Amino acid sequence: MSFNSFGRVFRFATWGESHGPALGAVVDGCPPRLSLSEADIQPFLDKRRPGQSRHTTQRQEPDQVRILSGVFEGKTTGTPISLMIENVDQRSKDYGEIAQAYRPGHADYAYDAKYGIRDYRGGGRSSARETAARVAAGAVARLVIPEVQIHAWVAEIGGDAIDPANFDLEEIDRNPFFCPDPAAAQRWEAMMDAARKAGSSLGAVIECAASGVPAGWGAPVYAKLDADLAAAMMGINAVKGVEIGAGFHAARLRGEENADAMRPATDGSNRPDFLSNNAGGIAGGISTGQPVVVRVAFKPTSSILTPVPTINKAGEATDIVTKGRHDPCVGIRGAPVVEAMMALVLADHKLLHRAQCG
Ligand SMILES: Cc1cc2nc3c(=O)[nH]c(=O)nc-3n(C[C@H](O)[C@H](O)[C@H](O)COP(=O)(O)O)c2cc1C
Ligand SMILES: C=C(O[C@@H]1CC(C(=O)O)=C[C@@H](OP(=O)(O)O)[C@H]1O)C(=O)O
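Residues numbered from 1 in each chain as written. Chains lettered and ligands numbered in written order. Predicted model: local features only at pLDDT ≥ 70, side-chain atom pairs only at ≥ 80, totals over all residues. Heavy atoms only, no water.

With respect to the overall build of the protein chain
Put simply, the rule is: Here a strand is any run of E in DSSP of at least two residues, a helix any run of H or I of at least four, and the numbering for each starts at the N terminus. The globule rule used for comparison is 2.2 Å times the number of residues to the exponent 0.38, while the radius of gyration itself is calculated over C-alpha atoms. Exposure is judged per residue with a 1.4 Å probe applied to protein chains only, and the accessible area is read against the type maximum: over 50% gives exposed, under 20% gives buried, and values in between give partly exposed. Each accessible area is a Shrake-Rupley result for a 1.4 Å probe, and residues are judged covered by the shown protein chains and nothing else. In this tally Asp and Glu are treated as negative and Lys and Arg as positive; neither His nor the chain ends contributes. Each charge is placed at NZ for Lys, CZ for Arg, CG for Asp and CD for Glu.
Counting secondary structure elements, the protein chain contains eight helices and 18 strands. Against the compact-globule benchmark of 21 Å for 358 residues, the protein chain has a radius of gyration of 21 Å, which places it among compact chains. Taking all 358 residues of the protein chain together, 47% fall into the buried category. Put simply, the protein chain shows about 16,600 Å² of open surface, and 56% of that area lies on carbon and sulfur atoms. Computing the positive centroid from 38 side-chain charges and the negative centroid from 41, the protein chain places the two 4 Å apart.

Some remarks on the nonpolar core
The criterion, for reference: As used in this record, nonpolar core signifies buried Ala, Val, Leu, Ile, Met, Phe, Trp, Tyr and Cys residues forming a set joined through side-chain atoms within 4.5 Å. Every residue pair with non-hydrogen atoms within 4.5 Å of one another is taken to be in contact.
The biggest cluster of nonpolar side chains holds 76 residues, and the ones touching the most others in it are Phe 10, Ile 41, Leu 83, Ile 157, Met 233, Met 342 and Leu 346. At 14 residues, helix H8 (residues 330-357) tops the list of elements feeding residues into this core. When neighbours within four sequence positions are excluded, Phe 10 is seen to be in contact with Val 27, Asp 28, Gly 29, Cys 30, Val 140, Ala 141, Val 144, Leu 344, Ala 347, Asp 348 and Leu 351.

Focus: the site of ligand 1
To keep things clear, this is the line we draw: Neighbouring residues are identified by heavy atoms, a residue being near a molecule or strand if any of them is within 4 Å of it. Polar contact is defined as a pair of N or O atoms within 3.5 Å, subject to the rule that within protein one atom must be able to donate a hydrogen and the other to accept it, and that residues adjacent in sequence are counted only when both atoms are side-chain atoms. Residue polarity is assigned by list, with Asp, Glu, Lys and Arg as charged and Ala, Val, Leu, Ile, Met, Phe, Trp, Tyr, Cys and Pro as nonpolar; anything else, Gly included, falls into the polar class.
Lining the immediate environment of ligand 1, one finds 16 residues, of which Ser 126, Lys 299, Ser 303, His 326 and Asp 327 sit closest. Here an oxygen atom of ligand 1 sits 2.6 Å away from a polar atom, N or O, in the side chain of Lys 299. At 2.5 Å from an oxygen atom of ligand 1 is found a side-chain nitrogen or oxygen belonging to Ser 303. Contact with the protein chains hides 87% of the accessible area of ligand 1, taken as 620 Å² for the molecule alone. Counted by class, the shell around ligand 1 contains six nonpolar, seven polar and three charged residues.

Points about helix H3 (residues 108-115)
Count 3.6 residues to each turn of an α-helix, and residues three or four apart come out pointing the same way. Quick note on the threshold: Working note: the arc is built from the helix axis to C-beta atom directions.
Among all positions in H3, only Asp 108, Tyr 111 and Asp 112 are buried. The buried residues of H3 occupy one face: seen down the axis, they fall within an arc of 95°. Exposed positions of H3 whose direction lies more than 90 degrees from the buried face are Tyr 109, Ala 110, Ala 113 and Lys 114. The inward-facing, buried residues of H3 abut helix H2 (96-100). Just downstream of H3, Gly 116 is the residue with a positive phi angle, here 70°.

Some remarks on the site of ligand 2
Every one of the 16 residues lining ligand 2 counts as a neighbour, but Ser 18, Arg 48, Tyr 95, His 106 and Ala 128 are closest to it. Within the side chain of Thr 57, an N or O atom sits 2.9 Å from an oxygen atom of ligand 2. Separating an oxygen atom of ligand 2 from a side-chain N or O atom of Arg 333 is a distance of 2.9 Å. Contact with the protein chains removes 95% of the 450 Å² of surface that ligand 2 exposes when unbound. Of the residues belonging to the shell around ligand 2, the class tally is three nonpolar, eight polar and five charged.

Observations concerning the UniProt feature "binding site: FMN" (unreviewed entry) in the protein chain
What counts here: UniProt positions are given in the numbering used here, feature names are shortened, and annotations may be inferred rather than shown by experiment.
The UniProt feature table records "binding site: FMN" (unreviewed entry) at Arg 125, Ser 126, Ser 127, Asn 237, Ala 238, Gly 284, Lys 299, Pro 300, Thr 301, Ser 302, Ser 303 and Arg 325. For the residues just named, distributed over 201 residues, the greatest C-alpha separation reaches 43.5 Å, placing them at more than one site. You can see Ser 126 is positioned in the loop between H3 and helix H4 (131-144). Residue Ser 126 is classed as buried on the basis of its relative accessible area, which comes to 19%.

Quick notes on helix H1 (residues 38-48)
Among all positions of H1, only Ile 41, Gln 42, Leu 45 and Arg 48 are buried. Seen along its axis, H1 keeps its buried residues to an arc of 120°; they face one direction. On its buried face, H1 sits against strand E4 (65-69), strand E7 (81-86), H4 and H8.

Re the state of the cysteines
To be explicit about the condition: In plain terms, two cysteine sulfur atoms within 2.5 Å form what is called a disulfide here.
In this structure the tally under the stated criterion is zero disulfides. Residue Cys 329 stays outside any disulfide, its sulfur separated by 11 Å from that of Cys 179, the closest cysteine. Judged by relative accessible area, Cys 329 falls into the buried class, the value being 0%.

Here we look at the packing of helix H6 (residues 225-234) against H8
For the record, the criterion: Axis lines are fitted to C-alpha atoms, over the contacting stretch for helices. Their N-to-C directions set the angle, which ranges from 0 to 180 degrees. Helix crossings fall into two classes, left-handed where the near helix is turned counterclockwise from the far one by less than a right angle and right-handed where it is turned clockwise.
At a closest axis distance of 9 Å, the pairing of H6 and H8 adopts a crossing angle of 145°. You can see that H6 and H8 cross each other, and the crossing is right-handed. Contacts from Leu 225, Asp 228, Leu 229, Ala 232 and Met 233 in H6 reach Val 338, Met 341, Met 342, Val 345, Leu 346 and His 349 in H8. Within the contact of H6 with H8, the residues separate by chemical class into nine nonpolar, one polar and one charged.

Set out below in structure tokens:
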């Protein structure tokens, strides 16, 4: 595996910076003869695209994808699939203040400490603009796992959680928050407006469920499905926590409460009916056939208008006020990225399983 790639069989790497001419992904290991065109990818990019509501960054990027290789006459060829998205709204003059001083919470200081050179026009390589390329790669991954349905939604903003009693999956596409609870979406509107007005930002929790995953994907050590999912989700910008199934709550349960009790299937199959899903669909690193469920915590945006104490490149004390175009709650646009990472990991594990077990 290189510094810059992810996956074992279904692999992808991304390239490009937030303020360069373009960015993209190379997907390798995709099986041949799958139907693929830009139209299969674009709807997922349209969901993640910036500038679609006042609750996201105002940077206007059409995020139109082009397939440059790996497809012939509408079918994958089994060779590397190269995907490119042009940057059209860079406006680097917006970023004067971060050229000299480091934004606490963002990658600026650590990036400079590592490389000694930093593209300060926006976040450069550490900007979550890179997640557009992941979403494009994730759309290709979905073709490999047609039996799986993946949905992610915003479950919590600024500590205010959805009410499971109001959960309606169809609501997700009806509001700018990808929120399945219309009452919560209404509350969040006011919370987001207040945070933005105060020059501040809010964190969020995204939940993602993949149903249709058969029992058997994953491995008991190293290629554990839960370990790969955790790495995939932690690799998304601004993610500070990942839970599988009951997650941290499992530590508060007793053995008999946490165990997902089994009964013979009522549908006559030899698969069990599970009476709960605290495991989040994964036991011993291997899928159980239950929905794979992940919760992902996104921190609040670090680029804010509220002054924050920091240092400049010379090591002197200063305060930074970050102008430019920023997401007041990065978690909102994290939902399509979480879905993409789920698809990429599951596609990889399906192919790994097929390689070993047929
Ligand atoms: C979809 C998305 C959009 C983001 N937009 C912003 C943004 O506008 N401003 C910002 O400071 N951080 C934003 N972030 C978070 C930064 O990219 C992230 O904090 C930074 O790369 C440092 O990495 P870390 O938070 O994982 O340590 C965004 C993250 C995601 C997933
Ligand atoms: C452009 C996008 O989001 C960007 C993510 C981001 C960050 O720091 O992560 C900071 C802002 O842009 P810049 O890189 O210019 O500072 C956001 O606008 C996008 O997601 O397409």
